[in-house]
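Working through the structure, step by step
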Amino acid sequence: MTERLVADTLVDRLAEWGVTRIYGYSGDGINTFLGALRRKSMPFIQARHEEGAGFMAVAHSKYALGQLGQQADTDTGVDIGVMTSTQGPGAVHLLNALYDAKLDSIPVVAIVGQQNRPSLGSEYQQEIDLEGMFQDVAAYREEVTTAEQVIPVLDRALRTALATSAPAVVIVPHDVQQQAEKIPGGSHGQIPTAASWQRSNAMPGEAELQQAAALLDDSERITLLVGQGARQAGEQVRQLAHELDAAVVTSLLGKPYVDETLPTSAGVMGHLGTSASAAVMAECDALLIIGSNDPWTEFYPKPGSARGVQIDISAQRPGNRYPVEVALVGDAALSLERLQQLITRRAGQRGAWRERVEEHVRNWHEVRRQRAAVPARPINPELVVRELGEHLPHDAQLALDVGSCVYWYARQLILPPNVPAHLCSTLASMGGGVPYGIAAKLLHPDRPVVVLAGDGGMQMSGNAELITLAAQWKNWSNPGFVVCVLNNSDLAEVTWEQRETEGDPRYEQSQQLPGFPFAEYARLLGLGGIKVTDPQQLGAAWHQALNEERPVVLEVHTDPDTPMLPPVPHLMQKLPDLRNGLEQEDDSGAHGLELLERYVKIETDLFGSQEG
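No experiment lies behind these values; they were computed from the predicted model shown. (Residues numbered from 1 in each chain as written. Predicted model: local features only at pLDDT ≥ 70, side-chain atom pairs only at ≥ 80, totals over all residues. Heavy atoms only, no water.)

With that settled, the discussion passes to the overall build of the chain. Helix and strand counts for the chain stand at 22 helices and 18 strands. Over its C-alpha trace the chain gives a radius of gyration of 25 Å, about what one expects of a compact globule, namely 25 Å for 612 residues. Across its three principal directions, the C-alpha atoms of the chain cover 75 × 60 × 45 Å. Scored against the burial criterion, the 612 residues of the chain give a buried share of 59%. Relative to all contacts within the chain whose residues are 6 or more apart in sequence, the contacts with residues 24 or more apart total 75%. (Helix = DSSP H or I, 4+ residues; strand = E, 2+ residues; numbered from the N terminus. Rg over C-alpha atoms; globule rule 2.2 N^0.38 Å. Buried < 20%, exposed > 50% of the residue type's maximum accessible area, 1.4 Å probe, protein only. Contact = heavy atoms within 4.5 Å.)

Here the focus is the sheet that holds strand β4 (residues 108-114). Taken in spatial order, the six strands line up as β2-β1-β3-β4-β6-β5 in an open sheet, and their pairing is parallel. Sheet topology places β2 (44-46) and β5 (140-143) at the edges, where each strand pairs with a single neighbour. Within this sheet the neighbouring strands show an average axis-to-axis angle of 20°, counted without direction. Relative to strand β6 (residues 167-173), β5 is paired through four bridges, and the arrangement is parallel. Bridge pairing in β6 places R141 opposite V169. (Pairing = 2+ DSSP bridges. Axes fitted to C-alpha atoms, helices over the stretch in contact; angles between N-to-C directions.)

Of all six residues in strand β15 (residues 449-454), six are buried, a share of seventy percent or more. Here β15 shows a buried face lined by V449, V451 and A453 and a second buried face lined by V450, L452 and G454. Where β15 meets strand β16 (residues 481-487), six bridges bridge the pair, whose relative direction is parallel. When the sheet's bridge partners are listed, G454 is paired in β16 with L486. Read as a crossover between parallel neighbours, the route from β15 over helix α16 (residues 455-472) to β16 is right-handed. (Right-handed = clockwise from strand over helix to strand, strands pointing away.)

What follows is about the UniProt feature "domain: Thiamine pyrophosphate enzyme TPP-binding" (unreviewed entry) in the chain. UniProt's feature table lists "domain: Thiamine pyrophosphate enzyme TPP-binding" (unreviewed entry) at residues 401-556, given in the numbering used throughout. Secondary structure content for residues 401-556 is 44% helix and 16% strand, and the end C-alpha separation is 15 Å. (UniProt positions renumbered as here; feature names shortened; annotations may be inferred.)

Turning to the domain arrangement of the chain, a few remarks are in order. Domain annotation of the chain identifies domain 1 (6-178), domain 2 (206-361) and domain 3 (374-606). One C-alpha centre belongs to domain 2, the other to domain 3; they are set 30 Å apart. Opposite the 17 residues of domain 2 that make contact, domain 3 presents 23 residues. Between domain 2 and domain 3, roughly 1600 Å² of surface is buried when both sides are summed, and carbon and sulfur atoms account for 63% of that area. Here domain 2 and domain 3 share zero salt bridges between them. The tally of links between domain 2 and domain 3 comes to nine residue pairs in polar contact (both at pLDDT 80 or more). Grouping the constituent residues of the side of domain 2 that touches domain 3 by class yields eight nonpolar, six polar and three charged. (Domains from an automatic or database assignment. Buried area = accessible area lost by both parts, 1.4 Å probe. Salt bridge = Lys/Arg side-chain N within 4 Å of Asp/Glu carboxyl O. Polar contact = N/O pair within 3.5 Å; in protein donor to acceptor, adjacent residues only side chain to side chain. Nonpolar A, V, L, I, M, F, W, Y, C, P; charged D, E, K, R; others polar.)

All right, on to the packing of aromatic side chains then. Enumeration according to the criterion identifies seven aromatic pairs in this entry. With centroids separated by 6.3 Å and ring planes inclined at 55°, the aromatic side chains of F55 and Y436 adopt a geometry described as tilted. Residue F55 is located in helix α3 (residues 50-66), and its partner Y436 is located in helix α15 (residues 433-443); the two are separated by 381 residues in the primary sequence. Here F55 matches Y436 in class, with each residue buried. Pairwise contacts between aromatic rings join F516, F518 and Y521 into one cluster. The ring of Y409 has K255 lying over it, and the distance from NZ or CZ to the ring centre is 5.1 Å. (Phe/Tyr/Trp six-rings, centres within 6.5 Å; stacked < 30°, edge-to-face > 60°. Lys NZ or Arg CZ within 6 Å of the ring centre and 35° of its normal.)

Those residues of helix α11 (residues 332-342) that fall on the buried side of the exposure criterion are A332, A333, S335, L336, L339 and Q340. For α11, the angular spread of buried residues about the axis comes to 160°, placing them on one side. Considering only its buried residues, α11 is in contact with α8 (206-217), α9 (234-244), β10 (286-290), β11 (307-312) and β12 (326-329). Backbone nitrogen of A333 and a side-chain oxygen of the N-cap are separated by 3.1 Å at the start of α11; the cap is D331. (Arc of directions from axis to C-beta.)

Turning our attention to the side chain of Q177. Looking at the secondary structure, you find Q177 in helix α7 (residues 174-177). A distance of 2.8 Å separates the side chain of Q177 from the backbone oxygen of G29, its partner in a polar contact. A polar contact is formed between the side chain of Q177 and the backbone oxygen of V172, at a distance of 2.9 Å. Once you skip the residues sitting within four places of it in the chain, Q177 turns out to touch L5, V6, A7, G29, I30, N31, T32, F33, G113 and V172.

As a further point, take unusual backbone geometry. Looking along the chain, the bond that leaves R377 and enters P378 is cis, with omega of -5°. By the secondary structure assignment, P378 is in the loop between α12 (351-372) and α13 (381-391). Although it is not a glycine, S165 adopts a positive phi angle of roughly 50°. In this fold, S165 is placed in the loop between α6 (150-164) and β6.

Of all hydrophobic cores here, the largest spans 75 residues; its most connected members are L398, Y409, L452, W542 and L554. Each of domain 2 (206-361) and domain 3 (374-606) accounts for three or more of the residues forming this core. A53, V434, L466 and V553 belong to the second largest nonpolar core, which has 55 residues in total. (Core = buried A, V, L, I, M, F, W, Y, C linked by side-chain atoms within 4.5 Å.)

Pairing is parallel across the open sheet formed by six strands, whose spatial order is β9-β8-β7-β10-β11-β12. In this open sheet, the two strands that pair with only one neighbour each are β9 (265-268) and β12. Averaged over neighbouring strand pairs, the angle between their axes works out to 15° when direction is ignored. As paired elements, β10 and β11 share five bridges and run parallel to each other. Within β11, the residue paired with L287 across the bridge is G308. Against the sheet, α8 engages β7 (222-226), β10, β11 and β12, with an angle of about 130° to β12.

The structure is reproduced here in structure tokens:
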């Protein structure tokens, strides 16, 4: 029998925790670990770049933890994402994905190689201070130096990642991976540990719950702000919102966990959010924040205008974005159930507010309809995403890159129940769309995947990971996988930011993207490729793409001058700078100015200027 190594211990322990695959890229610093993966037959997903592998691991956790509001529990733990890389540049490349996990509060684990211990401190090839580099991003980081250490370190890493919803990093020098396996016993200095973790079902204190219920009973115009912390509390949110006659607003991360077809669902908040959400946030006299740490503080009620209650599993977050009066530290579902038992004013007792909220929501849906119908050169990107809503399968999974596509997703796509949607949100790093989609598909190969991406994110790294897609898809029971590329030859979100925040015209040298034939490139890789330049072709193109027997790149040529505007009333404050920037431009500026004025009219006809 071949001698078992520390690397084998690592792989076996990961499997015992419930880990089902590893995402990464090879290198000499992890060769022994890769050999153990081969011996264990644990799937290794080779990305084209360590950053892509890291995004896949983060997405794996997001889809596994958030799918249908349930965690993907295994017999011994939870199936969270695990990434691996060699030392030096490979480890550096993981940082972006690890920060994605940190900022979006997602548990992941990185297994990182390091040079042999005798060479450390000598400025050896690819030697960098890994513990120092990971210090800010990791909730737990440790370098394994002995065989007996590997099990307790790995157990703590996984347990810490799960308990804190944050990244953990385990550094294993190459020579330690090659050591003979040694299981820690009970002697002095050896620490036996367990591959186990239990999700907290913490309940806030009864006094705080009663205080929160009294505050809500005393309020007339209540808005709920729902974040990803409500992923297991969708039904409780719906029931309490009904009883309170409350408006429901979501953070970008909370959007998949709320039924946006409800007449009081006002959509996403923030710069990329809806005017309905801005209206109900501005008009409410009580704000109940449920599992959200959304950073768009200028879109919250003005401090002092609304009394606040916040529910969060972490005691660090209540009061972090808004000066709340009552902090409920505990599980969102349990907290909401108890609140519903304690409130005394029931559905229908705030009828005037409910009618006001429903009016705002109806007006917003009309804004959505009118904006998508505005003619563009050649295609309005809002129409592309609105049309997707007419064709999106009810068992689909959605992934997004970062850029203008997120605006159109937030505003135009009403997610069907049970359709998860994830992206690199708080870090907002481009290039994650295709890796996210691949991870979603590997978790649920029987379900179709749709990725929304811009040409900027695709050129940054998405095109490379299409090669990974081409290598993987033939193993899937359902090949349905559509990458919709909004191709406008511009870094459009930043272009509009230049106009809005600086009052500057578009800077062509920084914003213009070289042309790239995405559909043709897909066909070269053996994938399907569809190019659309006529809005009349959109419906048929979506239908064709979603029914192909192979993954498809749907390349849609869209108008970069489609305005990316904040909702009213923030829009009115930004108009002078937007107009100033556009007026300094050439024909594109004139076209953009024309679209801007049409969009402003649509918004103000239905929401007024709301200035002051």
